Amino acid sequence: MKKTIVITGAGSGLGKSFAKKYAALGCHICLIGRNVKKLEAVAKTLPSTYSLHAVDVSVKEEVSVAFQEIKQNVGDIDVLINNAGVGVFDLAEKIDETSVHQMIDVNLKGTIFTTQEVLPDMKERNAGIIANIVSTAGIEGKVNESVYCASKFGVRGFTESLHEELDGTGVKVYAAYMGGMKTNFWEDVFEEEEMTHLMNPDDVADIIMDNLKPRQGLEVSEIVIRNKR
């Protein structure tokens, strides 16, 4: 049976890697993001069926409309990958109000809103996977990343609480805590030479997808993927 995979932040970076790899497995890919042109560019590379959804995940109404469209036009959602994220990096006192709202709204509220859309159906079917792409900023504080870390610590708390709520059910919740990758996200943060030492998003996607596979007698609820020192 063809599975339906919903990926937020699917227009670039790790989201793009997930889309291509799941499409290669024959899944239907629901690409979610704010930039339609980026989503269309990713869609052109996919060998399987897909649907595009221009959504700002921080706006609950937009999220609800998109997920209703997916349910009506595609069917049940098997895997939700909460990958969308934004980061503004500076000393705590220099981060402006707009940036504070943006990080909390997209990184934390966006994860909550999308998850709320899939939980009732997954619970009813007693099946499904919610994978939250958190970042190591969700497990340790970092210089120039105070608000970004605050938003990601929130995602960690939400994810761990979900894991407790869903304990004993067929719905699985997974957290991935990974370091910096060679994506546009970090280009304004790291120098060109530093970027060469970051992780390849295709490698990170492989590791996460492998840990999401059902296995007899065990469950992986979280994983930490770090850059080599």
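One structure accompanies this document, and this report is about it.

Cut-offs used in this document
- Residues numbered from 1 in each chain as written.
- Predicted model: local features only at pLDDT ≥ 70, side-chain atom pairs only at ≥ 80, totals over all residues.
- Heavy atoms only, no water.
- Buried < 20%, exposed > 50% of the residue type's maximum accessible area, 1.4 Å probe, protein only.
- Helix = DSSP H or I, 4+ residues; strand = E, 2+ residues; numbered from the N terminus.
- Pairing = 2+ DSSP bridges.
- Right-handed = clockwise from strand over helix to strand, strands pointing away.
- Phe/Tyr/Trp six-rings, centres within 6.5 Å; stacked < 30°, edge-to-face > 60°.
- Axes fitted to C-alpha atoms, helices over the stretch in contact; angles between N-to-C directions.
- Left-handed = near helix turned anticlockwise from the far one by under 90°.
- Contact = heavy atoms within 4.5 Å.
- Nonpolar A, V, L, I, M, F, W, Y, C, P; charged D, E, K, R; others polar.
- Core = buried A, V, L, I, M, F, W, Y, C linked by side-chain atoms within 4.5 Å.
- 1 Å grid on protein atoms, 1.4 Å probe; cavity = no way out; pocket = protein on both sides within 12 Å on 5 of 7 lines; lining within 4 Å.
- Points joined across faces, edges and corners; volume = space filled by probe spheres on them.

## Here's the deal with the pairing of strand β1 (residues 4-8)
So, point 1. A large share of β1 lies buried, amounting to five of its five residues.
So, point 2. Sheet topology places β1 next to strand β2 (residues 28-33); five bridges connect them, and they run parallel. From the neighbouring strand, Ile7 faces β2, where its bridge partner is Leu31.
So, point 3. Regarding topology, helix α1 (residues 13-24) serves as the crossover connection from β1 to the parallel β2, and that connection is right-handed.

## Details of unusual backbone geometry
Excluding glycine, residues mostly carry a negative phi; peptide bonds, for their part, are mostly trans.
So, point 1. For Asn126, which is not a glycine, the phi torsion comes out positive at approximately 55 degrees.
So, point 2. With respect to the helices and strands, Asn126 occurs in the loop between α4 (97-125) and β5 (128-133).
So, point 3. With phi around 70 degrees, Asn144 is a residue other than glycine that occupies positive phi space.
So, point 4. On the secondary structure map, Asn144 appears in the loop between β5 and α5 (146-165).
So, point 5. Under the relative-accessibility criterion, Asn144 is labelled partly exposed at 31%.

## Focus on the packing of aromatic side chains
So, point 1. Counted according to the given criterion, the structure contains one aromatic pair.
So, point 2. Pairing Phe89 with Tyr148 gives two aromatic rings, centres 5.2 Å apart and planes at 75 degrees, and the pair type is edge-to-face. Highlighted residues: Phe89 in the loop between β4 (79-82) and α4 and Tyr148 in helix α5, separated in sequence by 59 residues.

## Brief notes about the packing of helix α3 (residues 60-73) against α4
So, point 1. One way to put it is that α3 packs onto α4 with a least axis distance of 9 Å and a crossing angle of 35 degrees. Seen along the crossing, α3 lies across α4 with a hand that is right-handed. Listed contacts from α4 to Lys60, Val63, Ser64, Phe67, Gln68 and Lys71 of α3 are Phe113, Thr114, Gln116, Glu117, Val118 and Asp121.
So, point 2. Residue classes in the contact of α3 with α4 are distributed as four nonpolar, four polar and four charged.

## What to know about the nonpolar core
So, point 1. Leu14, Phe18, Tyr22, Ile29, Leu31, Ile81 and Ile208 are the most contacted members of the largest nonpolar core, which totals 32 residues.
So, point 2. Sequence-distant contacts of Ile29, defined by excluding residues within four places in its chain, comprise Ile5, Ile7, Ala19, Tyr22, Ala23, Leu46, Ser48, Thr49, Tyr50 and Ser51.
So, point 3. Core analysis: the second largest hydrophobic core is formed by 31 residues, Val6, Met103, Ile130 and Cys149 among them.

## Observations concerning empty space enclosed by the protein
So, point 1. Under the defined criterion, the tally for this structure stands at one cavity of 30 Å³ or more.
So, point 2. Taken as a whole, the largest cavity spans an internal volume of roughly 40 Å³.
So, point 3. Lining the largest cavity, in full, are Thr8, Val57, Asn82, Asn83, Ala84, Val106, Gly110, Thr111 and Thr114.
So, point 4. No other element matches the four residues that α4 contributes to the lining of the largest cavity.
So, point 5. Split into classes, the residues belonging to the lining of the largest cavity amount to three nonpolar, six polar and no charged.

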